[in-house]
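# Architecture and fold: a report
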Amino acid sequence: MKPAALLVLMLCLLAAPGAAQGQDAGTAAPHDEERASEVQYGVGLRFRGLFVPRSAFEYFVEVAPSGVAQPEVGLEVIRRKGRFETALALAWAPLSPKDGVWLDEPDHNPSLVEFDGFAWLSLDLTGVWAYPFDEYLALRYGMGIGVGVLLGTVRETDYECPDGRIDVRVCRQSPTAEDVRKRIDMPPVVPVVNAVLGLRYAPSPQVAFNFDGGLQTAFFAGLSVDIFFK
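Keep in mind the model is a prediction, meaning the values are calculated, not measured. Per chain, residues are indexed from 1 in the order of the written sequence. The predicted nature of this model means local features are confined to residues of pLDDT at least 70 and side-chain atom pairs, given and counted, to a pLDDT of 80 or more, with totals for whole chains, interfaces and linings taken over all residues. For the side-chain quantities, the full set of heavy atoms in the structure was used; hydrogens and water were omitted.

### Details of the overall build of the protein chain
Scanning the protein chain from terminus to terminus reveals two helices and 11 strands. Strands here mean DSSP runs of E at least two residues long; helices mean DSSP runs of H or I at least four residues long; both are numbered from the N terminus. Secondary structure elements of the protein chain, listed N to C terminal, follow the sequence α-β-α-β-β-β-β-β-β-β-β-β-β. When burial is assessed residue by residue, the protein chain has 33% of its 230 residues classed as buried. Whether two residues are in contact is decided by their heavy atoms, any of which lying within 4.5 Å being enough. In the protein chain, the share of contacts with a sequence separation of at least 24, taken over all contacts with a separation of at least 6, comes to 64%. All accessibility values rest on the Shrake-Rupley procedure with a 1.4 Å probe; residue burial counts only the protein chains present in the view. On the protein chain, roughly 14,200 Å² of surface is accessible, and the fraction owed to carbon and sulfur atoms is 65%. Relative accessibility under 20% of the residue-type maximum defines a buried residue, over 50% an exposed one, and the middle range a partly exposed one, all with a 1.4 Å probe and only protein chains included.

### Section: unusual backbone geometry
Positive phi, close to 50°, is recorded for Arg 181, a residue that is not glycine. Locating Arg 181 in the fold gives a position in the loop between β7 (172–173) and β8 (182–183). Classification of Arg 181 as partly exposed rests on a relative accessible area of 41%. The backbone phi angle of Thr 217 is positive, close to 65°, even though this residue is not glycine. By the element assignment, Thr 217 lies in the loop between β10 (207–216) and β11 (218–229). You can call Thr 217 partly exposed: its relative accessible area is 41%.

### What about the pattern of salt bridges?
When charged atoms on two side chains of opposite charge get close, those side chains can pair. The working definition used for a salt bridge is a side-chain nitrogen of Lys or Arg within 4 Å of a carboxyl oxygen of Asp or Glu. If you walk through the whole model with that rule in mind, you get nine salt bridges. A salt bridge links Glu 58 to Arg 54, with the nearest nitrogen and oxygen atoms 3.2 Å apart. Look at Arg 54 and you get partly exposed, because its relative accessible area is 41%. One network of salt bridges, in which partners are shared, links Arg 80, Glu 85, Arg 140, Arg 200 and Asp 212.

Okay, structure coming up:
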């Protein structure tokens, strides 16, 4: 074979894989675009811990006996298109701090406050974007809004505390108490404001595990499992 012919043959052989890859890329691009525009629906189960620090209550009262640290469980219906998801969630969580003596800031009168089944049933809508690091791992971030229906009752009793010690172990019911286990009026609903930041691990396109933290009116951290349908 002549050197010129051999050179042409080698160039053709070297170009063949590149041409094949280019053809694959050309055919893959429409497929990727189609998949990115495809709408998927799914369901999710989420478990969260809700946290309100004691110091947050003490912005509104002089002394609070504790903060809130309670579990939440919720169900989600999810719509996903490309890297964006919309989740409609129904969740329930107890919201009770510890029963104890609270000191009201305006009049400095201590009261025993008792929580009986105090909880919320919340409904919220959240939009979440995903920034993929690789095929399986992505950063999640989003915001949402909703409402929480308050359940249960909160009751107060007028108390006296010796030497200004606000402690349920030493405080006693006031002998002149006007309010004894009086029900405190609470708003029927409260706003739910969501801000989500976390990681998504998706071992397959139909399953995702989300590790999130952020704000759900209270602070939260938790795990959710999503299952999508083809």
